[in-house]
Amino acid sequence: QDKVDQCGDDAPIYCNLPPVAGAIYWARSARNRISEPMPKLLLYNHALRETPDEFREVDAHYQRLLKMLEVYEHQRYADWEATSVEVAKEKLKMRLLRRQEKTGLLKVNFDPALTRLLREVRFFLIFDIEVPPQAREIFNKSATYRHWVAQLDH
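Residues numbered from 1 in each chain as written. Predicted model: local features only at pLDDT ≥ 70, side-chain atom pairs only at ≥ 80, totals over all residues. Heavy atoms only, no water.

1. Observations regarding the overall build of the protein chain
Point 1. A count of helical and extended segments in the protein chain gives 7 helices and 2 strands.
Point 2. Order of helices (α) and strands (β) in the protein chain, N terminus to C terminus: α-α-α-α-β-β-α-α-α.
Point 3. Looking at the protein chain as a whole, 32% of its 154 residues qualify as buried.
Point 4. Once local pairs closer than 6 in sequence are excluded, the contacts in the protein chain between residues at least 24 apart make up 64%.
Point 5. Carbon and sulfur atoms make up 53% of the accessible area of the protein chain, which amounts to about 10,900 Å² in all. (Helix = DSSP H or I, 4+ residues; strand = E, 2+ residues; numbered from the N terminus. Buried < 20%, exposed > 50% of the residue type's maximum accessible area, 1.4 Å probe, protein only. Contact = heavy atoms within 4.5 Å. Areas by Shrake-Rupley, 256 points an atom, 1.4 Å probe, with all protein chains shown as cover.)

2. What about the packing of helix H2 (residues 19–35) against helix H5 (residues 112–126)?
Point 1. Where H2 meets H5, the axes come as close as 8 Å, and the angle between the chain directions of the two elements is 25 degrees. For the element pair H2 / H5, the angle class is roughly parallel. On the side of H2, the interface is formed by Pro 19, Val 20, Ala 21 and Ile 24, while H5 contributes Glu 120, Phe 123 and Phe 124.
Point 2. By residue class, the composition of the contact of H2 with H5 is 6 nonpolar, no polar and 1 charged. (Axes fitted to C-alpha atoms, helices over the stretch in contact; angles between N-to-C directions. Parallel < 35°, antiparallel > 145°, perpendicular 65-115°, else oblique. Nonpolar A, V, L, I, M, F, W, Y, C, P; charged D, E, K, R; others polar.)

3. Re a nonpolar patch on the surface
Point 1. Together, Leu 41, Leu 43, Tyr 44 and Val 58 line one region of the surface with nonpolar side chains, adding up to about 390 Å² of accessible area.
Point 2. Here the nonpolar patch gets 3 residues from one element, more than from any other, and that element is helix H3 (residues 38–48).
Point 3. By the secondary structure assignment, Tyr 44 is in helix H3. (Patch = residues over 30% accessible without salt bridge, like charges linked within 9 Å, V, L, I, M, F, W, Y side chains within 5 Å. Salt bridge = Lys/Arg side-chain N within 4 Å of Asp/Glu carboxyl O.)

4. Examining the environment of Tyr 145
Point 1. Examined against the element boundaries, Tyr 145 turns out to sit in helix H7 (residues 142–153).
Point 2. Relative accessible area serves as the criterion here: at 10%, Tyr 145 is assigned to the buried category.
Point 3. When the C-alpha positions of Tyr 145 and Leu 114 are compared, they lie 9.8 Å apart, and in sequence the two are 31 residues distant.

5. Things to note about the nonpolar core
Point 1. Grouped together as the largest cluster of nonpolar side chains are 21 residues, with contacts concentrated most on Trp 80, Leu 117, Val 121, Phe 124 and Ala 135.
Point 2. With 6 residues, the single largest contributor to this core is H5.
Point 3. Sequence-distant contacts of Leu 117, defined by excluding residues within four places in its chain, comprise Trp 80, Ser 84, Val 85, Ala 88, Ala 135 and Ile 138. (Core = buried A, V, L, I, M, F, W, Y, C linked by side-chain atoms within 4.5 Å.)

6. Describing the layout of surface pockets
Point 1. Approximately 210 Å³ is the volume found for the largest pocket.
Point 2. Lining the largest pocket are 11 residues, and of these Thr 115, Leu 118, Arg 119, Ser 142 and Arg 146 lie nearest its centre.
Point 3. Within the residue set of the lining of the largest pocket, elements represented by two or more residues are H5 and H7.
Point 4. Looking at the lining of the largest pocket element by element, the count peaks at 5 residues for H7.
Point 5. The residue makeup of the lining of the largest pocket, split by class, is 6 nonpolar, 2 polar and 3 charged. (1 Å grid on protein atoms, 1.4 Å probe; cavity = no way out; pocket = protein on both sides within 12 Å on 5 of 7 lines; lining within 4 Å. Points joined across faces, edges and corners; volume = space filled by probe spheres on them.)

7. With respect to the environment of Glu 130
Point 1. Locating Glu 130 in the fold gives a position in the loop between H5 and helix H6 (133–140).
Point 2. Between the C-alpha atoms of Glu 130 and Tyr 77, which are 53 residues apart in sequence, the distance is 9.8 Å.

These figures capture arrangement, not role.
Dropping the structure here:
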């Protein structure tokens, strides 16, 4: 419970995962880890044919922790959805090529916010997380964007 309270926007995620998908993955794996021993405790509790006070306390703590992880997951996703999708749609309206002011050379102008959105959506689909239709539209064109950027970069 302390770990969830401490992490906020800074969940311990794997280095190859994008921030939001990584945080959701962390919350889901924590939920799976704490859910694993509960069936055994329920079985032992049923075998005793009574409910000890300690079990009630453990069950209450377990339920609170599950709820906290679920709220954390939904909050991270809602924050991402509210900010990233609209920002990415605006970035798509920008020109793909930009002239550098100092040298006058042309440079590919594919914004990192778009790259982040594409990575997040890719991992959301892998993790079976619902993706907003606008983000899915952008993701469906990712091969085209990748092709354009690769052609212009070389």
